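Secondary and tertiary structure notes
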Amino acid sequence: MRPLDWAVLGASLAGIVLYGLWRSGSSRTTSQYLLAGKTMPWYAMALSIMATQASAITFISTTGQAYADGMRFVQMYLGLPLAMILISAFIVPRFHSSGVFTAYEYLERRFDAKTRALAGVIFLLSRGLAVGVSLSAPAVVLTVILGWPSQWTTLAMGALVVAYTTSGGIAAVTWTEFVQMLVMLAGLFAALLTVILLLPQEASFTNALAVAGAAGKLNAVVWRLDLHDQYNLWSGLIGGMFLALSYFGCDQSQVQRYLTGRSVTQSRLSLLFNGLAKIPMQFLILFTGAMVFVFYVYTQPPIVFHPEAMRALESQPSYEPLSREYDRVFQQRRAAAQRFDLEGFRQAQEQMDEIRSHALTIAGQAAGQGRVNDTNYVFLWFVVHQIPTGVVGLILAAIFAAAMSTISAEINSLATVSMVDIYRRFLRREAPDGHYLAASRWLTVFWGGYAIVTALYAQNLGSLVEAVNRLGSLFYGTLLGVFVLAFAFPRVGGTAAFFAMIAGEAAVFTVWHFTGLAFLWLNAIGCLAAVAAGCGVAVLGRRPQAAG
Amino acid sequence: MNPTEERPPFRGSWGRVYAALALYLVLLIALFTWFTRSWNR
């Protein structure tokens, strides 16, 4: 990191926070603090929604994913526009007209207090598990690549986020996310432009596409239906739609964004804009990763991108012959690409993949683990070692912005659900608004502190971090199911909805544990199981009355 | 659709806005299919 990069990084982060605090003003009521007084325009909510969704690790690892596995990950977002249409048509008007602070508050109006409480607790559990990971994951990666102490990165990022989230509430979160998303887009375009400009002269843009395609990196659509394949057109359209419906329709960290809209129209426009812009944005991030792959066709990449794993590999006796073989095959692959011999290139690529896979296994064994996954380190390695001064600062600012936007939204929504659905509903029902405003601020500090402590602890948990992250998303389908019951099945009551959630979770965990079904389908299964169970219990509950 | 509902700022009705977004998704899938078939060999 050169001084210019530090200057760009520091100015970007300071600018983001100051702009957010300036635009948010001061909150004097709970409604202002938690819903920005319902004054937000669509464009602020739209970019805020996109920023919440784009975490640092998504930004870093999506490019790495394209480098390793190609662009097929983009299909995960194909169901998103359909979900935006359904939420805009059926969910947004209901939430707006009911005047709720949280999605789960709506469940009590429709069903009963126990259904609301269970949904709120499921949200606190899943989001609470994820918030520490959101904070620790980028810190760990930045530490490994840049050598910054992870505790300090975590503390600095956490303290900054807690400060502006506590001070300005949802308005500060939304306006900072608005700028954070612009910084992310600037960083993304700067990275894409730079990698294309850095390609050697013999690699014209069409040649670069052909080389990336020959290695299978431009597989944006896979039409073949395979239930065990994570990303294809069908899992993306159907499973991705259920995932997006659950995330945007039932997860408070997203629902709270569009509840701040000054009208139904403004909230709808923010969601529909997300449906319009999200897929092209993900395509560009993945395309950047594919171009990083092409760059490393002409410039030799390290055999392993993870610096610690590389050091572990170097200490092994098998490293020397493996390294010599890697050098030889790299030269062979580059020569094939230069003379545009795509068949020869493909063969060399397969050999390089085998050598890299072998190296990752040896590095993992040397560190006492399984096979190392270095996908998250590819893009940062490229940024730090290849990108010109100044642009590095901008791209790191984009990564920090992505991390901060997700964390602030999570802390803010956790505080809101804790205050509205637990504290105000069950612990202190009649108190002045000032008391709830103060409670909201304290709960924000609490969840911020919790995130920091969990993040510091999570750094030592290794693979458990990934497990916790995946566990968190096991709850989405069931939450969606109970909202489908609320909106579409007027004869289903509170007890049926409560048991529907339990049955939905039981179904998801059973399928997850006993089958190798691709992850995206679990959202659909949880939703359908909850709806079926809710309808079943409602029918059984009515039979005695009908008989009587 | 509720007759008292606010109209969108373009395309006249929300139904048409939703149809436009669905059509956009179909076009994106077609574009991605062309992209994959043209370059990913």
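If you're wondering where the values come from, they're calculated on a predicted model, not measured in any experiment. (Residues numbered from 1 in each chain as written. Chains lettered and ligands numbered in written order. Predicted model: local features only at pLDDT ≥ 70, side-chain atom pairs only at ≥ 80, totals over all residues.)

When you go through chain B residue by residue, the secondary structure sums to one helix and zero strands. Evaluated residue by residue, chain B yields a buried proportion of 22% over its 41 residues. (Helix = DSSP H or I, 4+ residues; strand = E, 2+ residues; numbered from the N terminus. Buried ≥ 20, exposed ≤ 12 C-beta atoms within 10 Å, placed from the backbone.)

Bringing the overall build of chain A into the picture now. Along its length, chain A carries 22 helices and zero strands. Its C-alpha atoms give chain A a radius of gyration of 24 Å, near enough to 24 Å, the size a compact globule of 548 residues would have. Split into buried and exposed, the 548 residues of chain A put 57% on the buried side. For chain A, the proportion of contacts with a sequence separation of at least 24, taken over those separated by at least 6, is 85%. (Rg over C-alpha atoms; globule rule 2.2 N^0.38 Å. Contact = placed C-beta atoms within 7 Å.)

Turning our attention to the interface of chain B and chain A. If you look at the interface, chain B gives 18 residues, while chain A gives 21 residues. Broken down by class, the residue content of the side of chain B that touches chain A amounts to 13 nonpolar, three polar and two charged. (Nonpolar A, V, L, I, M, F, W, Y, C, P; charged D, E, K, R; others polar.)

For the rest of this paragraph, the subject is the domain arrangement of chain A. Residues and elements named next belong to chain A. When its domains are assigned, chain A resolves into domain 1 (3–295 + 388–543) and domain 2 (306–373). Computed from C-alpha atoms alone, the centre-to-centre distance between domain 1 and domain 2 is 35 Å. Each side of the interface is counted separately: domain 1 has eight residues, and domain 2 has ten residues. Among the elements that make up the side of domain 1 that touches domain 2, the one with the highest residue count is helix 9 (residues 205–214) (four residues). Of the residues contributing to the side of domain 1 that touches domain 2, the split by class is six nonpolar, one polar and one charged. (Domains from an automatic or database assignment.)

As a further point, take the packing of helix 9 of chain A against helix 12 (residues 264–298) of chain A. Residues and elements named next belong to chain A. Taken N-terminus to C-terminus, the directions of helix 9 and helix 12 make an angle of 95 degrees; their axes are 9 Å apart at the nearest point. By the angle between their directions, the pair helix 9 and helix 12 is classed as roughly perpendicular. Contact residues: Ala-208, Val-211 and Ala-212 in helix 9; Ala-290, Met-291, Phe-293, Val-294 and Val-297 in helix 12. (Axes fitted to C-alpha atoms, helices over the stretch in contact; angles between N-to-C directions. Parallel < 35°, antiparallel > 145°, perpendicular 65-115°, else oblique.)

Residues and elements named next belong to chain A. At their nearest, the axes of helix 3 (residues 42–53) and helix 12 sit 8 Å apart, and the two run at 45 degrees to each other. With respect to their mutual orientation, helix 3 and helix 12 come out oblique. Crossing handedness for the pair helix 3 and helix 12: right-handed. Contacts between helix 3 and helix 12 involve Trp-42, Met-45, Ala-46, Ile-49 and Met-50 from the first element and Gln-266, Ser-267, Leu-269, Ser-270, Phe-273, Asn-274, Ala-277 and Lys-278 from the second. Residues that form the contact of helix 3 with helix 12 fall into these classes: eight nonpolar, four polar and one charged. (Left-handed = near helix turned anticlockwise from the far one by under 90°.)

A negative phi angle characterises most non-glycine residues, just as the trans form characterises most peptide bonds. Residue and element names in this part refer to chain A. Of note in this structure, Ala-36 is not a glycine but carries a positive phi near 55 degrees. Considering the arrangement of structural elements, one finds Ala-36 in the loop between helix 2 (30–35) and helix 3. Since 28 C-beta atoms lie within 10 Å of it, Ala-36 is described here as buried. At Phe-340, a residue that is not glycine, the phi angle is positive and equals roughly 60 degrees. Phe-340 sits in the partly exposed class, given 14 other C-beta atoms within 10 Å.

Attention now goes to the nonpolar core. If you look at soluble globular proteins, the nonpolar side chains tend to sit buried side by side. Residues and elements named next belong to chain A. Grouped together as the largest cluster of nonpolar side chains are 206 residues, with contacts concentrated most on Ala-398 and Val-482. With 21 residues, helix 17 (residues 391–427) is the single largest residue contributor to this core. When residues are assigned to domains, this core turns out to be shared by domain 1 (3–295 + 388–543) and domain 2 (306–373), each giving three or more. With sequence-adjacent residues up to four places away left out, Val-482 is seen in contact with Leu-107, Thr-115, Ala-119, Ala-497, Ala-500, Met-501 and Ala-530. (Core = buried A, V, L, I, M, F, W, Y, C linked by C-beta atoms within 7 Å.)

To continue, consider helix 5 (residues 80–98) of chain A. At 3.6 residues per turn, the α-helix brings residues three or four places apart onto the same side. Given a rise of 1.5 Å per residue, 19 residues ought to cover 27 Å, and the 25 Å separating the end C-alpha atoms of helix 5 of chain A matches this to within 8%. Residues A:Leu80, A:Pro81, A:Leu82, A:Ala83, A:Met84, A:Ile85, A:Ile87, A:Ser88, A:Ile91, A:Val92 and A:Phe95 constitute the buried set of helix 5 of chain A. Considering only its buried residues, helix 5 of chain A is in contact with helix 6 (103–110), helix 10 (233–250), helix 11 (252–259), helix 12 and helix 20 (476–488) of chain A together with helix 1 (14–39) of chain B. A:Gly99, located one to two residues past helix 5 of chain A, shows a positive phi value of around 65 degrees. (Expected span 1.5 Å × (residues − 1).)

Another aspect to go through is the confidence of the model for chain B. Note: predicted coordinates in regions of low pLDDT should not be interpreted at a detailed level. Looking at chain B as a whole, the pLDDT averages 87, with 88% of positions reaching at least 70. For this predicted complex, the interface confidence score (ipTM) comes to 0.92, while the overall pTM stands at 0.88. (pLDDT = per-residue confidence, 0-100.)

Glancing now at the environment of A:Gln332. Residue and element names in this part refer to chain A. Structurally, the position occupied by Gln-332 is in helix 14 (residues 319–338). Since 17 C-beta atoms lie within 10 Å of it, Gln-332 is described here as partly exposed. Separated by 142 residues in sequence, Gln-332 and Ala-190 place their C-alpha atoms 31 Å apart.

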